[in-house]
Amino acid sequence: MAQMATPETTTSPSAQRKALDAADEVVLEYVAFRGFNEVFRALNAARADDATRRGAYDATFATDALLKPIQTLDHAALLDAWDFLSSRFFRRLDAEMTAHAQALERGVYRAYCVAAVKRGERQKATQLLTELARRDAADATSKPPSAPKQDAEVVWALYDDDDRPTKPPPVDARNGARWREWFAMPHVPRPDRDPLFAPYFKREWHDALVLSLRNFLATVFASAPPPKLLLLQTWHSSQAQQKLREELQSARSEREALVEDLVRTRATRDTLAGTVRDLLVAHHHGHRASPAKPRGGLFD
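Treat the numbers as computed from the prediction; the structure is a model and nothing was measured.

Caption draft 1: How the structure looks around the overall build of the protein chain. Counting secondary structure elements, the protein chain contains 10 helices and 2 strands. Overall, the protein chain shows an N-to-C arrangement of helices and strands of α-α-α-α-α-α-α-β-β-α-α-α. With 300 residues in all, the protein chain has 28% of them scored as buried. Expressed as a percentage of contacts within the protein chain between residues at least 6 apart in sequence, the contacts between residues at least 24 apart total 71%. Counting only carbon and sulfur atoms, one obtains 56% of the accessible surface of the protein chain, whose full area is about 20100 Å².

Caption draft 2: Molecular detail of the pattern of salt bridges. Under the definition given, this model contains 9 salt bridges. In this structure, R134 engages E131 in a salt bridge whose closest nitrogen and oxygen atoms are separated by 2.6 Å. In this pair, R134 and E131 are both assigned in helix 6 (residues 122-142), 3 residues apart and thus about one turn of the helix distant. With a shortest N-O distance of 2.9 Å, R190 and D192 are connected by a salt bridge. For D192, a relative accessible area of 30% gives the class partly exposed. Here the salt bridges do not stand alone but share partners, grouping D83, E131, R134 and R135 into one network.

Caption draft 3: Representation of empty space enclosed by the protein. Within the structure shown, the criterion is met by 1 cavity of 30 Å³ or more. Counted as a void, the largest cavity has a volume near 30 Å³. Considering the residues around the largest cavity, the lining is formed by L67, I70, V108, A111, H206, L209, V210 and L213. Counting only elements with at least two residues in the lining of the largest cavity, the list comes to helix 3 (59-72), helix 5 (95-118) and helix 8 (203-222). In terms of residue class, the lining of the largest cavity is built from 7 nonpolar, 1 polar and no charged.

Caption draft 4: Spatial organisation of helix 3. With 14 residues, helix 3 extends 20 Å between its outermost C-alpha atoms, agreeing within 8% with the 20 Å of an ideal straight helix rising 1.5 Å per residue. Three or more residues of helix 3 are buried, namely A59, A62, T63, L66, L67, P69 and I70. Capping of helix 3 at its N-terminal end is provided by D58; its side-chain oxygen lies 2.9 Å from the backbone amide nitrogen of T60.

Caption draft 5: Geometry of the nonpolar core. Of all hydrophobic cores here, the largest spans 46 residues; its most connected members are F90, F216 and L217. Residue assignment for this core shows that the elements contributing at least two residues are helix 3, helix 4 (75-90), helix 5, helix 6 and helix 8. Among all residues touching L217, those that are not within four sequence positions of it are A59, A62, T63, L85 and F90.

Caption draft 6: Representation of helix 5 in the model. With 24 residues, helix 5 ought to run about 34 Å at 1.5 Å a step, and its terminal C-alpha atoms sit 35 Å apart, in line with that. For helix 5, the buried fraction is high: 17 of the 24 residues fall into the buried class. Following helix 5 by one or two positions, G120 adopts a phi angle in the positive range, close to 75 degrees.

Caption draft 7: Examining the environment of A19 more closely. Inspection of the secondary structure puts A19 in helix 1 (residues 13-34). On a C-alpha basis, the gap between A19 and L231 in space is 8.9 Å, while along the polypeptide they are 212 residues apart.

Caption draft 8: Representation of unusual backbone geometry in the model. The phi angle at L73 is positive, at roughly 55 degrees, despite the residue not being glycine. Topologically, L73 is positioned in the loop between helix 3 and helix 4. On the basis of relative accessibility, which here comes to 4%, the residue L73 falls in the buried class.

Quick notes on the rules
Residues numbered from 1 in each chain as written. Predicted model: local features only at pLDDT ≥ 70, side-chain atom pairs only at ≥ 80, totals over all residues. Heavy atoms only, no water. Helix = DSSP H or I, 4+ residues; strand = E, 2+ residues; numbered from the N terminus. Buried < 20%, exposed > 50% of the residue type's maximum accessible area, 1.4 Å probe, protein only. Contact = heavy atoms within 4.5 Å. Areas by Shrake-Rupley, 256 points an atom, 1.4 Å probe, with all protein chains shown as cover. Salt bridge = Lys/Arg side-chain N within 4 Å of Asp/Glu carboxyl O. 1 Å grid on protein atoms, 1.4 Å probe; cavity = no way out; pocket = protein on both sides within 12 Å on 5 of 7 lines; lining within 4 Å. Points joined across faces, edges and corners; volume = space filled by probe spheres on them. Nonpolar A, V, L, I, M, F, W, Y, C, P; charged D, E, K, R; others polar. Expected span 1.5 Å × (residues − 1). Polar contact = N/O pair within 3.5 Å; in protein donor to acceptor, adjacent residues only side chain to side chain. Core = buried A, V, L, I, M, F, W, Y, C linked by side-chain atoms within 4.5 Å.

See the structure below:
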């Protein structure tokens, strides 16, 4: 996996809790400023229930965030959840881990389609597939298609041993291993009996997907940097930042002292200039008022 920079800190549990509380307060202040009342109440309620003050990314929590939209057949929430993980955590992965992420993404979407068919709401699967097709069309106009080398092998691992085909499924350049056929899946009368789709209707495949997803997220989260807001709070309360604040305060005090000295110096200068001016004026007037000396010398 690509190396991601993580701050080296020796933060104690109490210091970490303080940093978490400070970050929470900043978020609450912001949502109150924006008028997000429901978010404000929900965050306060969540903080009250968070007795452990969890301070790390939780792979189980993230996995549940992906599984819940599958259970409720909310394709928009599913796409939003994956998009967040992709933009926040998957962008800096190396080629091998990126291939794993893409394979798991297709697995999650397939699990959604299977859940929709099982519940008799095939239109839900069609909605997801239509949105994926729209995204693929938009991506195709902005960048050339690419296929990770490890793609087929990763998807191949999600098959159950008993149902594994004799060779890995062919890789489509844009949508991955045998993905195009899934656009027809909502229209197949009994996809659970179709040789292509049947493996995905088995509990074993779903359990393997969930386990793979949780393990993958745990691996990614282990090297992910903390949230930027928490980093900002930690930096703000760090000894280095405290030293910078002290140096800044010292510089401000020194500047104020220099300004006061400059004011006093200017006042002294103005006083001296006035005194000199008065002396010159007095001397000038005195010279004009003195009587002229009598003349009569040799050269007069």
